[in-house]
Amino acid sequence: MLSQKARYALRALVELARAEGAQVTSGELAARADAPRKFLEAILLELTRNRIVVSRRGKFGGYTLARPPAEISFAEVIRVIDGPLALAPCVSRLSFRKCEDCPDLATCALREALLKARDATSEVLEGYSLAHAASSTGGEIFHLG
């Protein structure tokens, strides 16, 4: 599951993409992303450190994207905020490690499915940028019933 922190980060970044290069204050971003301001400010600091956003201080300060929205993928943002996309460390391409309770990687009955899930997730999220999201209408809505 995507963390609430990652959802706030993505929402704020989509709002920056929609701003088309104009600076947006943390207060305005918090309102647009429906996120708690102090929590979002901590997230924005993390995104600044990872060169996804640029911050400017002062009376006319605010945040802008560090690169064009088409060059910032959902996968990059999620990795910065939540870490690897993989469901288990043994299938992570960037943070690989053997699972603590796994007796043998070569014979693990779970690993093949987890690798396929990781690859499919990565393919979608690497290919989906902030530019896509900024122009999106929201996608399919599921109804309970």
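Residues numbered from 1 in each chain as written. Predicted model: local features only at pLDDT ≥ 70, side-chain atom pairs only at ≥ 80, totals over all residues. Heavy atoms only, no water.

What's the story with the pattern of salt bridges in this structure? I'm lost.
Two side chains with opposite charge may pair up if their charged atoms get near one another. Scanning all chains against the criterion turns up 10 salt bridges. Among the salt bridges present, the one from Glu15 reaches Arg18, with a minimum N-O distance of 3.0 Å. On the criterion of helical spacing, the pair formed by Glu15 and Arg18 is a turn pair, its members being three residues apart in helix H1 (residues 4-18). Look at Glu15 and you get buried, because its relative accessible area is 14%. By sharing partners, the salt bridges in this structure join Arg37, Lys38 and Glu41 into a single network. (Salt bridge = Lys/Arg side-chain N within 4 Å of Asp/Glu carboxyl O. Helix = DSSP H or I, 4+ residues; strand = E, 2+ residues; numbered from the N terminus. Buried < 20%, exposed > 50% of the residue type's maximum accessible area, 1.4 Å probe, protein only.)

Could you clarify how one ought to interpret the nonpolar core in this entry?
Nonpolar side chains in soluble globular proteins generally cluster together in the buried interior. Residues Leu13 and Leu47 are the most contacted members of the largest nonpolar core, which totals 34 residues. In terms of residues, this core owes the most to one element, H1, which gives nine residues. Setting aside anything within four residues of it in sequence, one finds Leu13 in contact with Leu47, Ile52, Val53, Leu65, Val77 and Leu130. (Core = buried A, V, L, I, M, F, W, Y, C linked by side-chain atoms within 4.5 Å. Contact = heavy atoms within 4.5 Å.)

Which parts of the structure should I look at to understand helix H3 (residues 37-49)?
Each α-helix turn comprises 3.6 residues. Residues three or four places apart therefore point the same way. Look at H3: 18 Å from first C-alpha to last across 13 residues, which is about the 18 Å you get at 1.5 Å a residue. Buried within H3 we find Leu40, Ile43, Leu44, Glu46 and Leu47. Burial along H3 is one-sided: seen end-on, the buried residues are contained in an arc of 160°. Facing away from the buried surface of H3 by more than 90 degrees, the exposed residues are Lys38 and Arg49. (Expected span 1.5 Å × (residues − 1). Arc of directions from axis to C-beta.)

Sorry, what's going on with the packing of aromatic side chains here?
The relative placement of two aromatic rings is captured by the distance of their centres and the angle of their planes. A complete count under the given rule lists two aromatic pairs for this structure. Taken together, a centroid distance of 5.8 Å and an interplanar angle of 85° make the contact between Tyr8 and Phe39 edge-to-face. A residue pair is termed long-range when its members are at least 10 positions apart, and Tyr8 in helix H1 and Phe39 in helix H3 qualify at 31 residues. Each ring, one from Phe74 and one from Tyr128, has its centre 5.0 Å from the other, and the planes form 90°; the classification is edge-to-face. Here the residue Phe74 occupies a position in helix H4 (residues 74-82), and Tyr128 occupies one in the loop between helix H5 (111-126) and helix H6 (130-134), the gap between them amounting to 54 residues. Exposure remark for Tyr128: the relative accessible area of 29% places this residue in the partly exposed category. (Phe/Tyr/Trp six-rings, centres within 6.5 Å; stacked < 30°, edge-to-face > 60°.)

How should I be thinking about the packing of helix H2 (residues 26-33) against H3 in this particular structure?
Two numbers describe how H2 lies on H3: the axes approach to 9 Å, and their chain directions differ by 110°. Our classification of the angle between H2 and H3 gives roughly perpendicular. Packed against H2, whose contacting residues are Ser26, Gly27, Leu29 and Ala30, the element H3 presents Arg37, Leu40, Glu41 and Leu44 at the interface. Partitioning the contact of H2 with H3 into residue classes produces four nonpolar, two polar and two charged. (Axes fitted to C-alpha atoms, helices over the stretch in contact; angles between N-to-C directions. Parallel < 35°, antiparallel > 145°, perpendicular 65-115°, else oblique. Nonpolar A, V, L, I, M, F, W, Y, C, P; charged D, E, K, R; others polar.)

Honestly, the pairing of strand S2 (residues 62-65) in this entry has me stumped. Any pointers?
Of the two faces of S2, both are covered, the one formed by Gly62 and Thr64 as well as the one formed by Tyr63 and Leu65. One ladder, built from four bridges, connects strand S1 (residues 53-56) with S2; its direction is antiparallel. Pairing of Ser55 across the sheet is with Tyr63, part of S2. Count of turn residues in the S1/S2 antiparallel hairpin: five residues, of which Gly58 carries a positive phi of about 100°. (Pairing = 2+ DSSP bridges.)

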